[in-house]
Amino acid sequence: TVATLLGIPSAWVRLRQVMAGGGFGGKNSRNIPTACAAALAAVRLNRPVRMVQDIASDLSMTGGRHPLKVRYDARADKNTGKLLAVSLETYGGQAYLPADLAFAGDNYVGKALLKPWANYSPPPHIITQSKCCVLNVPPSCACRGPTDPKKSMAVETILQHAAVSSGLPLIQVQ
């Protein structure tokens, strides 16, 4: 934090930030490096400092969605293409940042993907497993529905493979 960087009590820190809205990047914790740089410059120059980043710098600092790998094994009825059983293994990527690692044990990204059947009829038998992988990558930022596109992609891939293996049109398997 700014107070830690400057070695002062946090009550002495006054930070004014313009409203951060829209869908670009994380507004919660990803502004700390910029705030620390501005605070250090203000102390060194002994005057207020204003920092403005262009969108490319902001997006490169805030990261994107969490990386995720999905492995699956599925069994489908050869005649109807209906899924009978699915085994899902997810590996959720997490950057090595102390603030982010507080949630790494929960592996919220991987666990969220384990329930991908929101818009589909689930097979009668499902086995799921989730693992969190701490990676040496730039951090990802929090976003609403972090796994929704990945869930849909996983289910659609499983359904496509079921359709191909049963020789049925995809629309019939869906």
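1. With respect to unusual backbone geometry
Residues apart from glycine generally show negative phi values, whereas peptide bonds are mostly found in trans.
Here comes step 1: Phi is positive for Asn46, close to 55°, though the residue is something other than glycine.
Here comes step 2: On the secondary structure map, Asn46 appears in the loop between helix H2 (32-45) and helix H3 (55-62).
Here comes step 3: You can call Asn46 exposed: its relative accessible area is 70%.

2. Some points on a nonpolar patch on the surface
Here comes step 1: Together, Leu45, Val49 and Met51 make up an exposed nonpolar region whose accessible area comes to about 250 Å².
Here comes step 2: Tracing the chain through its elements places Leu45 in helix H2.
Here comes step 3: Judged by its relative accessible area of 55%, Leu45 falls in the exposed class.

3. Some thoughts on the pattern of salt bridges
Here comes step 1: Tallying each qualifying case throughout the model produces one salt bridge.
Here comes step 2: Taking the shortest distance from any N to any O, the salt bridge between Arg75 and Asp73 comes out at 3.0 Å.
Here comes step 3: Judged by relative accessible area, which is 40%, Asp73 ranks as partly exposed.

4. Let's talk about H2
Because an α-helix completes one turn every 3.6 residues, residues spaced three or four positions apart along the sequence face the same direction.
Here comes step 1: Between its first and last C-alpha, H2 extends 20 Å over 14 residues, near the 20 Å set by a 1.5 Å rise per residue.
Here comes step 2: Of the positions making up H2, those classed as buried are Thr34, Ala35, Cys36, Ala38 and Ala39.

What counts and what doesn't
Per chain, residues are indexed from 1 in the order of the written sequence. The predicted nature of this model means local features are confined to residues of pLDDT at least 70 and side-chain atom pairs, given and counted, to a pLDDT of 80 or more, with totals for whole chains, interfaces and linings taken over all residues. Processing note: side-chain calculations cover all non-hydrogen atoms of the structure and skip hydrogens and water entirely. Helix and strand assignments follow DSSP, with helices taken as H or I runs no shorter than four residues and strands as E runs no shorter than two, numbered in order from the N terminus. Residue burial is assigned from relative accessible area. The probe radius is 1.4 Å, only protein chains are included, and a residue is buried under 20% of its type maximum, exposed over 50%, and partly exposed in between. Each patch is built from residues lacking any salt bridge and having more than 30% relative accessible area; the joining distance is 9 Å for like charges and 5 Å for nonpolar side chains (Val, Leu, Ile, Met, Phe, Trp, Tyr). We get accessible surface area from the Shrake-Rupley algorithm with a probe of 1.4 Å; when it comes to residues, only the shown protein chains can shield them. We define a salt bridge as a side-chain nitrogen of Lys or Arg found within 4 Å of a carboxyl oxygen belonging to Asp or Glu. How far a helix is expected to stretch is found by multiplying one less than its residue total by 1.5 Å.

Note that every value here comes from positions in space, so none of it alone points to a role or purpose.
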